[in-house]
Amino acid sequence: MRESLGGECGQGCGHNALGAGCLAAALALRDYLERSSLPGTVRFYGCPGEEDGSGKVYMAEDGVFSDLDLCLTWHPSSTTAVMGGGSLAICSLDFEFTGRAAHASSSPYLGRSALDACELTNVGANYLREHVIPEARIHYGYRDAGNPAPNVVQDHAVVNYFCRAPKADQLMPILERLKDVARGAALMTGTTLNIVINDTIANYVPNHTLSAVMQTATEELGVPDYDERDYAQARAFRATFTEAEKNQFRTVLQNAGLPGDYWSADDLLCPRPLPYVKSDKMFGGSTDVGDASFCAPTAFLNGTTVAMGTPGHSWQMTAQGCTPLCDKGTLRAAEIMALTAARAMADPDLLRRAREELLAATGGKPAGLSEKGSHPRLR
């Protein structure tokens, strides 16, 4: 990513466009309410630490979303679709091991390897995968692999884990088992373990009542107005994709219960929005919008900003985040959100039904994981 942006980092999933799209929607809705003299309050939330820090979790615990009639957001994508399914609940945690350094050749028996403890944790986690629900996900990366010199028994090492599951109540027991794996690794290596919970995010709960309004707006406004420059850009990027990446849209269609030819493998850009499909299936990612969705009726749009098949967290997604196509997609997402909000605000009965659906789906629990003050990340 650094090379493609002249030495600077870019956003690998298009999140650089999130705030701009939401702000444009808020401004458009504000102007509409002023011109039409309709009552209503528009709030635009800046959400700190959105992907590493999970600002909406803290905001939800502080009640900033709880008095909303509706909450709208979006995400850049290679397709245009209103999310009818949820996201995965997730916990990010660090296993920090401390051992004792020693000469790895002349006196290794005097050492206690923190790096060994990390590697044993990883081995145990890989065996654990077979014994958790199929929808769960466990992945890791080293924050600290110890001293780079191989002739030293490493006295410090840290491995960062993401643990995910479709529902928060499914996540927590898996998380405890993962912690036990790390504790066992510490016991085997004679090291000490410190567990740091970075953040814990609830699963996203789609509000189908509100999402239906967003779907109608999406179908009316459609995908961005592509021109030849956009198609040329998409053609150039798709030339760098594998065949599997070019055809990953079929998985999207399959998950939505649609025929595989709804979109074509030859489409350079998303030709039309996906129909709205209420689904029990979860999309593979996680988002702190989940915590907001436990507080207020929430609808979530994926908007086309990149070529069809662009994989998330890739250099191709990063590079397309500063193109005219991304700008068009950002503004189209803003238009859809503003139109959705305007129609919903004009229909008190719809807002009542959306709130009733939220309470039925969540049981009235504010954050989805625990009561305020006892969130797992605080322990």
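Residues numbered from 1 in each chain as written. Predicted model: local features only at pLDDT ≥ 70, side-chain atom pairs only at ≥ 80, totals over all residues. Heavy atoms only, no water.

Another point: helix α1 (residues 18-36). The end-to-end C-alpha separation of α1 is 27 Å, in line with the 27 Å expected for 19 residues at 1.5 Å each. When we look at burial in α1, the residues that qualify are Leu18, Gly21, Cys22, Ala25, Ala26, Leu29 and Leu33. The buried residues of α1 occupy one face: seen down the axis, they fall within an arc of 135 degrees. In this structure, α1 carries Glu34 and Arg35 as exposed residues pointing more than 90 degrees from its buried face. Structurally, α1 contributes buried residues whose contacts are with β1 (71-77) and α11 (324-345). Positioned one or two residues after α1, Ser37 has a phi angle of 60 degrees, which is positive. (Helix = DSSP H or I, 4+ residues; strand = E, 2+ residues; numbered from the N terminus. Expected span 1.5 Å × (residues − 1). Buried < 20%, exposed > 50% of the residue type's maximum accessible area, 1.4 Å probe, protein only. Arc of directions from axis to C-beta. Contact = heavy atoms within 4.5 Å.)

Our focus in this paragraph is the sheet that holds strand β7 (residues 298-304). Here 3 strands make up an open sheet; going across it, the order is β1-β7-β2 and the pairing mixed. What marks the edges here is a single partner per strand, and that holds for β1 and β2 (81-82). Across 2 bridges, β2 lies against β7 in antiparallel orientation. When the sheet's bridge partners are listed, Val82 is paired in β7 with Leu301. Contacts from helix α5 (residues 208-221) reach β1, β2 and β7, with the element oriented near 25 degrees to β7. In this fold α11 packs onto β1 and β7, with an angle of close to 160 degrees to the strand it touches most, β1. (Pairing = 2+ DSSP bridges. Axes fitted to C-alpha atoms, helices over the stretch in contact; angles between N-to-C directions.)

Attention now moves to a nonpolar patch on the surface. A cluster of nonpolar side chains, contributed by Leu23, Leu27 and Phe44, occupies part of the molecular surface with about 240 Å² of accessible area. Secondary-structure assignment places Leu27 in helix α1. Judged by relative accessible area, Leu27 falls into the partly exposed class, the value being 37%. (Patch = residues over 30% accessible without salt bridge, like charges linked within 9 Å, V, L, I, M, F, W, Y side chains within 5 Å. Areas by Shrake-Rupley, 256 points an atom, 1.4 Å probe, with all protein chains shown as cover. Salt bridge = Lys/Arg side-chain N within 4 Å of Asp/Glu carboxyl O.)

Once that is clear, we can look at the packing of α5 against α11. In contact at an axis separation of 9 Å, α5 and α11 are set at 130 degrees when each is read in the N-to-C sense. What the angle tells us is that α5 and α11 run oblique. The interaxial crossing formed by α5 with α11 has right-handed handedness. Contacts between α5 and α11 involve Leu210, Val213, Met214, Thr216, Ala217, Thr218, Glu220 and Leu221 from the first element and Arg332, Glu335, Ile336, Met337, Leu339, Thr340, Arg343 and Ala344 from the second. (Parallel < 35°, antiparallel > 145°, perpendicular 65-115°, else oblique. Left-handed = near helix turned anticlockwise from the far one by under 90°.)

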